[in-house]
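Now for the letters of each chain:
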Amino acid sequence: MNNNLRALAVEALTRVLKNKAYSNIEINNILKKADLSDADSRLMTNIVYGVLQHKLTLEYQLQPYITGKNLDYWVKSLLMSAIYQMQYLDKIPDHAVLNESVEIAKFNGNQGLGNLVTAVLRNYQRHGVRPMPKGDSVKALSIKFSTPEWLVDMLIKQQGLKKAKTVLETINQPSHISIRVNTNKITPDELTDKLSEQGFEMKPSLISPVGLTCHSGNLVDTEEFREGLFTIQDESSMLVAPALDIQPDSTVLDTCAAPGGKTTHIASYLTTGSVMALDIHKPKTKLIRENGQRLGYGDIIQTRALDARKAKDEFDSEFDRILVDAPCSGLGLIRRKPELKYFREPEDLLNLQRIQLQILDSITGLLKVGGQLVFSTCTFDAEENEDVVMKFLDAHENYELVPVKHEESLDKNVNDGVLKLLPSDYFTDGFFVAAFKRKN
């Protein structure tokens with residue numbers, strides 16, 4: 001079964017759901033070892049992401065046929081992957097899904113498990129798709145959009161029912177690829193022409209003048225990527241470096257920098273200035289340096305393995321600009337990492353808020369008077385965003401909130417000076433950016 005795409009999909013799903021692993025990492029690890037065609041690799045990836053996106057909906061469909069059965073993770077993953085293919089993928093015949101699922105059950109288990117899988121899938125075929133719960137109750141929306149009830153409830157309370165439903169509808173749609181053009185080497189139009197000649201369908205970003213999007217394809221395996229003409233980065237995170245209002249001679253501290261997308265974007269504004277990039281994990285600082293060298297900013301970027309909460313004890317000089325792209329729940333990344341919906345708990349948000357405030361508190365003395373501090377996260381909940389801004393300002397009277405520097409097209413996303421993107425706004429990651437100035 002080493003090269004059976006459906007068996008490999010079940011293997012990836014089991015690792016993600018049992019070990020709380022990241023889907024993209026597990027998929028990449030499995031594909032490196034497997035000998036699958038491009039078409040089979042795409043289908044295997046589709047199944048994994050599809051099951052994770054629709055997990056609660058699939059469990060709802062399965063529930064009548066597995067009640068009272070204590071199933072191993074891999075058996076449940078196998079059944080969900082089969083239901084996903086039968087319900088969501090039109091081009092695959094049901095009999096092919098059923099037969100192969102039974103063979104996987106026999107291979108990994110025994111004849112008894114094969115019989116169980118046969119019975120469950122036959123029952124599902126016989127009764128058809130179970131009707132979704134009606135109405136807009138939290139439970140009904142949770143099942144319909146495969147999002148935990150606490151998260152549905154939070155969205156409704158913070159965004160209102162209409163906007164919450166819009167967000168829920170979009171986060172289960174496949175994401176596109178986005179890249180940031182290294183404009184010190186090439187223009188977006190020139191890069192679009194080069195990549196279009198190779199069959200990539202490139203489109204300009206709706207929110208960043210240096211961003212391009214692509215529906216599919218391996219852009220990393222191109223000469224243009226190797227030459228440092230672009231880097232992979234979500235469009236919303238391209239809004240962070242401009243918010244710092246960097247000058248060519250600025251000294252910048254990037255406190256939580258890996259893998260270096262924002263660090264290299266910061267470096268693109270510098271000539272005689274420099275950026276110090278921190279990350280708590282030493283191996284990740286190597287990744288930052290490699291990205292910087294590929295893009296041509298090796299002389300501008302320095303790195304240090306350091307917990308940002310200890311930064312005040314490590315640096316004697318002050319910086320013109322400081323970026324705190326803080327550790328967060330990552331709820332804005334759900335479209336690309338759907339498993340995050342199930343791994344997070346409400347208490348995680350307050351725990352992360354404490355860490356965010358600790359980092360902000362630790363670096364306040366490292367910013368020059370008149371300098372600018374930017375706080376950003378890849379999440380959309382208020383506890384990790386607006387509440388942090390309020391608590392930080394309450395604790396630091398020598399700092400004031402200043403309007404985030406942004407493109408005019410994003411005016412509607414700026415309220416009270418802070419920038420907030422929901423995943424439904426421009427089909428990007430959910431994101432938050434706030435800027436502060438040190439007064440004295």
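Right above here is the structure, for reference.
The sections below set out a description of the structure shown in this document. (Residues numbered from 1 in each chain as written. Predicted model: local features only at pLDDT ≥ 70, side-chain atom pairs only at ≥ 80, totals over all residues. Heavy atoms only, no water.)

### Re the packing of aromatic side chains
Taken as a whole and judged by the stated rule, the model has 6 aromatic pairs. Measuring from centroid to centroid gives 5.6 Å for F315 and F319, while their planes differ by 80°, and the two rings are edge-to-face. Judged by relative accessible area, which is 11%, F315 ranks as buried. Ring-pair connections join several aromatic residues into one group, and the members of that group are F392, Y399 and F436. The ring of Y60 carries the charged tip of R130 above its face, separated from the ring centre by 3.9 Å. One Lys or Arg, R294, reaches over the ring of F225 and ends 3.7 Å from the middle of that ring. (Phe/Tyr/Trp six-rings, centres within 6.5 Å; stacked < 30°, edge-to-face > 60°. Buried < 20%, exposed > 50% of the residue type's maximum accessible area, 1.4 Å probe, protein only. Lys NZ or Arg CZ within 6 Å of the ring centre and 35° of its normal.)

### Re the side chain of Q372
Secondary-structure assignment places Q372 in strand β9 (residues 367–377). Within the local environment of Q372, its side chain forms a polar contact with the backbone oxygen of A243, the two atoms lying 2.8 Å apart. Leave out the neighbours within four places in its chain, and Q372 touches A243, L244, D245, D320, R321, I322, L367, V402, A435 and F436. (Helix = DSSP H or I, 4+ residues; strand = E, 2+ residues; numbered from the N terminus. Polar contact = N/O pair within 3.5 Å; in protein donor to acceptor, adjacent residues only side chain to side chain. Contact = heavy atoms within 4.5 Å.)

### Thoughts on the environment of A243
Here A243 is to be found in helix α13 (residues 240–243). Beyond its immediate sequence surroundings of up to four residues, A243 is in contact with Q372, V374, V404, K405 and V433.

### A closer look at the environment of A12
With respect to the helices, strands and loops of the structure, A12 is situated in helix α1 (residues 5–19). Here A12 falls in the buried class, since its relative accessible area comes to 1%. Along the sequence, A12 and S77 sit 65 residues apart, while their C-alpha atoms lie 9.2 Å from each other. Once residues within four sequence positions are removed from consideration, A12 is found in contact with I30, M44 and V48.

### Looking at unusual backbone geometry
The omega torsion of the bond from A258 to P259 falls at 5°, within 30 degrees of zero and hence cis. Tracing the chain through its elements places P259 in the loop between β5 (251–254) and α14 (261–267). The backbone phi angle of K20 is positive, close to 55°, even though this residue is not glycine. Here K20 is to be found in the loop between α1 and α2 (23–33). Under the relative-accessibility criterion, K20 is labelled exposed at 54%. Although it is not a glycine, D416 sits at a positive phi angle of roughly 55°.

### Points about the pairing of strand β12 (residues 418–421)
Side chains of β12 alternate between two faces, with V418 and K420 and L419 and L421 buried alike. In the sheet, strand β11 (residues 414–415) pairs with β12 via 2 bridges, with the strands oriented antiparallel. Residue pairing across strands places V414 opposite L419, the latter belonging to β12. Hairpin connection of β11 to β12: 2 residues between the antiparallel strands, including D416 at a positive phi of 55°. (Pairing = 2+ DSSP bridges.)

### A closer look at the packing of α1 against α2
At a closest axis distance of 9 Å, the pairing of α1 and α2 adopts a crossing angle of 145°. By crossing handedness, the relation of α1 to α2 is classed as right-handed. In contact with L8, E11, A12, R15 and V16 of α1, α2 contributes S23, E26 and I30. (Axes fitted to C-alpha atoms, helices over the stretch in contact; angles between N-to-C directions. Left-handed = near helix turned anticlockwise from the far one by under 90°.)

### Overview of the packing of helix α5 (residues 73–88) against helix α6 (residues 94–108)
Relative orientation of the contacting elements α5 and α6 amounts to 170°, with a least axis distance of 9 Å. Here α6 runs roughly antiparallel to α5, going by the angle between their axes. Of α6, the residues touching α5 (which contributes W74, L78, A82, Q85 and M86) are D94, V97, S101, I104, A105 and N108. In terms of residue class, the contact of α5 with α6 is built from 7 nonpolar, 3 polar and 1 charged. (Parallel < 35°, antiparallel > 145°, perpendicular 65-115°, else oblique. Nonpolar A, V, L, I, M, F, W, Y, C, P; charged D, E, K, R; others polar.)

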